[in-house]
Amino acid sequence: MVNIYKTDEHVLSVLDHNEDGVWIQMTAPTSKELNYISESYGLDTVDLATALDEEESSRISLEDGYTLILVDIPSPEVRHEKKMYTTIPLGIILKSNVIITICKEDTPVLHYFTRNKVKEFSTKKKMRFIYQLLFRSAMLYQAYLRGIDKKRIEIEERINTDTHDMDLIELHELESTLVYFATSLRANSIVLERLRRYKRLEQYPEDMELLEDVTVEYQQAIEMTSIYRDIIDGTRELLSSVIDNRLNNVMKYLTSITIVMAIPTIISGIYGMNVSGEWMPLSKTPFGFEIICGIILLICAVTMWILKKKKML
C-alpha cells in the first residue's frame, strides 16, 4: 500500500499523485508498487525493499542522489498466545524533493503523523521529520518497556498464590524482548550520531535541538532496558527458587508420610510370618489384636510428633 501526504500550513492532506515536498508512505508494498516508486524517483529497488527484511540492522547508506536510513522500531506481536513485543526495520529514503518511508507493517510510530497529531510537522522539513519520527519511536520504546515491567509485576504478585510454568515462559519471552530492544536501541543511537554530521540537507538550529531531545530519550530507553533486564533476571531466579522450594516441601511431606505408613506395614508383616503362634507376643492374650493396633497407633503418633518437631510435616 502506498499513501502520499503533504502538509500545507500544518494541515496534512492526502494526495493521489506525486509532486515535490511530499511524504510517500509505503506499507508492505507489492513488487509493482516498489517498481513504480523506483522508476518515478530513480531509486534502486533493492534499497526500497531493504526495510522489508527483518534481519536488516540500523544504518545509514549514502547513495547517488539519495540517502537510505534504516532504523529499528518497536512492534507488538503474539508469542505463546501472549502479547509481546519485537523490533522491525523502518526504511527512510531522503531526496531533495521527497521523503519515503517503507515498513512491512502499519506501525503505530507513523500513526502520529498520518493522524496529524505531531506539532510543527511538515513534509517539506525532511530532517525535522526524521527527528520527530525517531522521537516518537523512542517514546514508543519507553511505553512498551513500562508495559513489560507491568507484566513482570503481575507475575511477581502471583508468586505467593498461583504460580505456573507459563509464568517462567512469559518471563523468558519478556527477557528476550528486552534483548531485542537493547540491540536495536544501541544501533539506533549510532544512526543518531551519524545524523548529527549529516550535510546533504540543511539542518536548522531547531532541528539540532530536537536531535538532542531524541538522543536523551534514546539514552533513557537504553537505561530502562538495562534496569528492567536486571529486574526480570532477578524475578526469574526468584520464581525458579520458589518452585524448587515447593517441590522440596512436597517431597519432604511425602517422605514423612511414607515413614509413618511403613510402621504398621513392618509390624503386620512380622505378625504375618508363618511361625508358631505361641511364640508371637500377645498371640494368646485377650484383646491382643486391639492391643497391637493401639501400639501401632501410638508409635505412629510419636513418629509424627517427632517429624513435626523437626519440621518434616
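Predicted model only: the values in this text are computed from it and were never measured.

Rules behind the numbers
- Residues numbered from 1 in each chain as written.
- Predicted model: local features only at pLDDT ≥ 70, side-chain atom pairs only at ≥ 80, totals over all residues.
- Heavy atoms only, no water.
- Helix = DSSP H or I, 4+ residues; strand = E, 2+ residues; numbered from the N terminus.
- Buried < 20%, exposed > 50% of the residue type's maximum accessible area, 1.4 Å probe, protein only.
- Polar contact = N/O pair within 3.5 Å; in protein donor to acceptor, adjacent residues only side chain to side chain.
- Contact = heavy atoms within 4.5 Å.
- Salt bridge = Lys/Arg side-chain N within 4 Å of Asp/Glu carboxyl O.
- Axes fitted to C-alpha atoms, helices over the stretch in contact; angles between N-to-C directions.
- Parallel < 35°, antiparallel > 145°, perpendicular 65-115°, else oblique.
- Left-handed = near helix turned anticlockwise from the far one by under 90°.
- Nonpolar A, V, L, I, M, F, W, Y, C, P; charged D, E, K, R; others polar.

> Looking at this model, I keep getting lost on the side chain of Gln25. Mind explaining?
Assignment of secondary structure puts Gln25 in strand E3 (residues 22-27). By relative accessible area, Gln25 is classed as buried at 3%. Polar side-chain contacts of Gln25 include one of 3.4 Å to the side chain of Tyr5. When near neighbours in sequence (up to four residues on either side) are disregarded, Gln25 contacts Met1, Val2, Asn3, Tyr5, Thr101, Asp106, Leu110 and Thr114.

> Mind showing me how you'd approach the pattern of salt bridges here?
Side-chain pairing between opposite charges can occur once the charged atoms of the two side chains come close. One pass over the structure, following the stated rule, counts six salt bridges. A salt bridge links Arg59 to Glu56; the shortest N-O distance between them is 2.6 Å. Of the residues examined, Arg59 reaches a relative accessible area of 30% and is grouped as partly exposed. For Glu56, a relative accessible area of 24% translates into the label partly exposed. Taking the shortest distance from any N to any O, the salt bridge between Asp149 and Arg152 comes out at 2.9 Å. Residue Asp149 and its partner Arg152 are both found in helix H4 (residues 126-157); the two are separated by three residues, about one turn of the helix. Arg152 matches Asp149 in its accessibility class, with the two residues each being buried. Because the salt bridges share partners, they merge into one network encompassing Asp149, Arg152 and Glu156.

> Explain the packing of H4 against helix H6 (residues 205-271) to me, please; I cannot follow it from the model alone.
Helix packing for two helices is described by the angle between their axes and how far apart those axes are. With their axes 9 Å apart at the nearest point, H4 and H6 run at an angle of 20° to one another. Our classification of the angle between H4 and H6 gives roughly parallel. Helix-helix and strand crossings are classified by hand; for H4 and H6 the assignment is left-handed.

> What should I look at first to understand unusual backbone geometry in this one?
Trans peptide bonds make up the majority, and among non-glycine residues the majority have a negative phi. The residue Ala28 is not glycine, and still its phi comes out positive at about 45°. According to the relative accessible area criterion, Ala28 is partly exposed, its value standing at 41%.

> Sorry if this is basic, but what is going on with the packing of H6 against helix H7 (residues 288-309) here?
For the pair H6 and H7, the least separation of the axes is 10 Å and the interaxial angle reads 155°. The angle between H6 and H7 falls in the class roughly antiparallel. Both H6 and H7 take part in a crossing whose hand is right-handed. Between H6, through Ser256, Ile259, Val260, Ile263, Pro264, Ile267 and Tyr271, and H7, the contact on the second element is made entirely by Ile292, Ile296, Ile299, Cys300, Thr303, Met304 and Leu307. Counted by class, the contact of H6 with H7 contains 12 nonpolar, two polar and no charged residues.

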